[in-house]
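Summary of the model geometry
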Amino acid sequence: MTMMTSAYANKVLRKLNDDKEFWTRKESDGTSYVAALDEEPIIPDYDYSKVAAEIAAIDERVIKIKHAINVANATNTVKVGDEEMTIDTILIKMAQLQRRKYFLDTLRKQEPKVRINSGSYSARKTTPEYRYINYDLDLIKSEYEKVDEKIALMQMALDKYNQTVEFEVED
């Protein structure tokens, strides 16, 4: 068993992804070659069994690390404000709040009254039209700030967890 933090595990996963990309490129480049009939071919150094074994080993390591991260995320809790939350719950809640924040941001940027530009006026319609917001702009701004603060609290708790809490990864 190896002990890792989430931050370190993600660095290892990036390295494994780079290694897999190397081996898959080696496989792609080595499976065939082109040669003219009147020249000595330059045959790439390629051994299917070796390359396939390397890729399989990398995939197996990725599975073990991702599983360990998932188990840790589902079982470890951190304090966010006044409540205890599992890491996986924080990740889900943050995604939900980010979508809500985006919507509230759109609302808070609206003007209370906007003239609708319909281009040229028709013979029937000679007066301009206006679009009005149908909500309390101050309430929306306040809600936006609350959601933003909640996301920040979750992110700080998550950052601390990712850097400090270790979990076991099967070798």
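The residue numbers shown here count from 1 along each chain, following its written sequence. Thresholds applied to this predicted model are a pLDDT of at least 70 for local features of residues and 80 or more for the giving and counting of side-chain atom pairs; totals over whole chains, interfaces and linings are not thresholded and use all residues. Excluding hydrogens and water, the side-chain figures rest on all heavy atoms present in the structure.

1. Side note on the pairing of strand β3 (residues 83-86)
- By the bridge criterion, four bridges tie strand β2 (residues 77-80) to β3 in an arrangement that is antiparallel. Its bridge partner lying in β3, V80 is registered against E83.
- Once β2 ends, the chain turns through two residues before running back antiparallel as β3, passing G81 with a positive phi of about 65 degrees. Any two strands are treated as partners once DSSP identifies two or more bridges connecting them. Working definition: helices are DSSP H or I runs of at least four residues, strands are E runs of at least two. Numbering for both runs from the N terminus.

2. Description of the environment of N134
- Relative to the assigned elements, N134 resides in the loop between β5 (129-132) and α4 (137-164).
- Using a relative accessible area of 76% as the deciding quantity, one classes N134 as exposed.
- Sequence separation of N134 and P112 is 22 residues, and the distance between their C-alpha atoms is 8.4 Å. Only protein chains enter the calculation, and the probe is 1.4 Å; a residue is then buried if its accessible area is under 20% of its type maximum, exposed if over 50%, and partly exposed in between.

3. Points about helix α1 (residues 6-30)
- An expected span of 1.5 Å times one less than the residue number is assigned to each helix. Taking 1.5 Å of rise per residue, 25 residues should cover 36 Å, and α1 covers 35 Å from first to last C-alpha, within 8% of that figure.
- Of all the residues in α1, the buried ones are S6, A7, A9, V12, L13, L16, W23 and G30.
- The contact criterion used throughout is that any non-hydrogen atoms of two residues lie within 4.5 Å. On its buried face, α1 is in contact with β1 (2-5), α2 (48-75), α4 and β6 (166-169).

4. A short note on the pattern of salt bridges
- By definition, a salt bridge exists where a carboxyl oxygen of Asp or Glu is found within 4 Å of a side-chain nitrogen of Lys or Arg. Tallied over the entire structure, the rule returns eight salt bridges.
- Linking D59 and K20 is a salt bridge whose minimum nitrogen-to-oxygen distance equals 2.7 Å. Within this pair, whereas D59 is found in helix α2, its partner K20 is found in helix α1, the two being separated by 39 residues in sequence.
- Residue D59 is classed as partly exposed on the basis of its relative accessible area, which comes to 29%.
- A salt bridge links D105 to K109; the shortest N-O distance between them is 2.9 Å.
- Given a relative accessible area of 16%, D105 falls into the buried group.

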